[in-house]
Amino acid sequence: MKLKGLHTREIFKRKSQFLKKLALCACVAALLSVGVFFIHRALDSKVKNGNSIINLKSKWKTYDYQSVYDISSVILYEKPFNTTALTYHGYASFFLAVSQTDVVQTLAFLDESINSLRLALQGAQFSAVPQLEYMLGKAYFYKDLQSSYYYYSDLAIRYLLKAKKDGYKADDIPELLGLCYASLGMTMESISAFTEALLVRESDILLLSIAEQYHAVSQNNAAEQYLYRISQECKDEQIVLKSHLLMGTIYLEREDFDAAEKEFNLILEKNENSADAYYGLGVIYESQGDLVKARSEWRKALRIQNNHPLALKKMADYK
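Values in this document were obtained by computation on a predicted structure and should not be read as measured data.

1. Considerations on the nonpolar core
- In this structure, Tyr214, Tyr226, Leu227, Ile230, Phe264 and Trp298 are the most contacted members of the largest nonpolar core, which totals 43 residues.
- Counting residues per element, the ones that place at least two in this core are helix H9 (187–200), helix H10 (204–216), helix H11 (220–233), helix H12 (237–253), helix H13 (257–270), helix H14 (275–287), helix H15 (291–304) and helix H16 (309–317).
- When near neighbours in sequence (up to four residues on either side) are disregarded, Tyr226 contacts Leu198, Leu207, Ile210, Ala211 and Tyr214.
- If you look at the next biggest cluster of nonpolar residues, it comprises 40 residues, including Ala85, Val129, Leu176 and Tyr181.

2. Comments concerning unusual backbone geometry
- Backbone geometry places Tyr63, a non-glycine residue, at a positive phi of 60 degrees.
- Relative to the helices and strands, Tyr63 is located in the loop between helix H2 (53–61) and helix H3 (65–78).
- Judged by its relative accessible area of 61%, Tyr63 is exposed.

3. Considerations on the confidence of the model for the protein chain
- Per-chain confidence: the protein chain averages 86 in pLDDT, with 83% of residues scoring 70 or above.
- Mean pLDDT in the protein chain bottoms out at helix H1 (residues 2–49), which sits at 51, and peaks at helix H7 (residues 153–165), which reaches 96.
- Predicted confidence for residues 37–48 stays below pLDDT 50, and this span has five contacts to residues more than four positions away or in other chains.

About the criteria used
Residues numbered from 1 in each chain as written. Predicted model: local features only at pLDDT ≥ 70, side-chain atom pairs only at ≥ 80, totals over all residues. Heavy atoms only, no water. Core = buried A, V, L, I, M, F, W, Y, C linked by side-chain atoms within 4.5 Å. Buried < 20%, exposed > 50% of the residue type's maximum accessible area, 1.4 Å probe, protein only. Helix = DSSP H or I, 4+ residues; strand = E, 2+ residues; numbered from the N terminus. Contact = heavy atoms within 4.5 Å. pLDDT = per-residue confidence, 0-100.

Okay, structure coming up:
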């Protein structure tokens with residue numbers, strides 16, 4: 001009986017020790033789990049809210065371009081050739097550039113965008129290259145637009161054509177190409193690009209641009225067809241006035257002075273500060289031999305635009 005009792009107590013003692021160890025292990029496991037949870041939460045918070053690629057992409061999805069710009073700047077300070085950071089920095093810089101009202105700031109952001117995108121192209125995967133080329137082409141286009149001279153249109157054309165060749169599709173590529181070709185005086189290429197753009201999306205500014213390019217190569221009959229479409233459908237007053245001016249210029253070249261005078265007077269009824277319209281009226285009076293009235297119209301043009309080149313030349317010719 002004694003042996004049986006001792007054996008029972010020994011078993012109870014072992015079970016008790018086992019339960020204590022099990023409880024201790026459970027406590028340690030629980031503490032470790034809690035610790036891992038809080039460490040993971042802290043790291044996750046740091047990644048999502050700090051200067052990380054994950055946070056960068058998160059901000060991009062919400063169109064927070066300033067935050068994308070700031071975060072990518074920090075990442076690039078530590079890793080100057082991080083392709084992902086360069087890509088997002090280039091994109092953010094571009095969108096910040098086009099939202100500026102100050103030309104100096106716009107050009108500064110565009111320079112950052114171009115530099116980042118060019119570097120990103122060096123390390124980008126093939127699938128990302130066409131979009132980078134497209135954005136680089138747009139950045140050069142806007143830089144050309146903001147510059148005093150057309151120094152960047154050729155680069156815009158180069159990268160937009162590369163993007164197109166590599167399979168990137170964007171509705172504005174033909175229109176951008178047309179504008180770039182026009183700025184370089186490549187009239188037929190411009191007309192071709194603008195015509196392609198019309199197939200994607202017709203707009204009054206496109207119609208006017210095509211008309212201007214046809215006029216530049218003296219194909220005035222073709223130009224008139226597009227100007228007529230503007231006169232029938234356009235609701236943008238500025239575009240309408242520009243189309244009247246071009247139409248008046250075409251009539252002047254055709255020596256249809258009555259029709260030209262009608263066009264210029266239509267402009268002045270809506271905008272009495274059109275130096276070009278006053279200049280055109282002066283040319284009409286000049287053709288009629290009335291130099292007094294002609295000079296009077298050219299002076300009106302110069303009061304509005306004191307450096308109007310054609311009016312200045314006319315006044316110099318008739319001193």
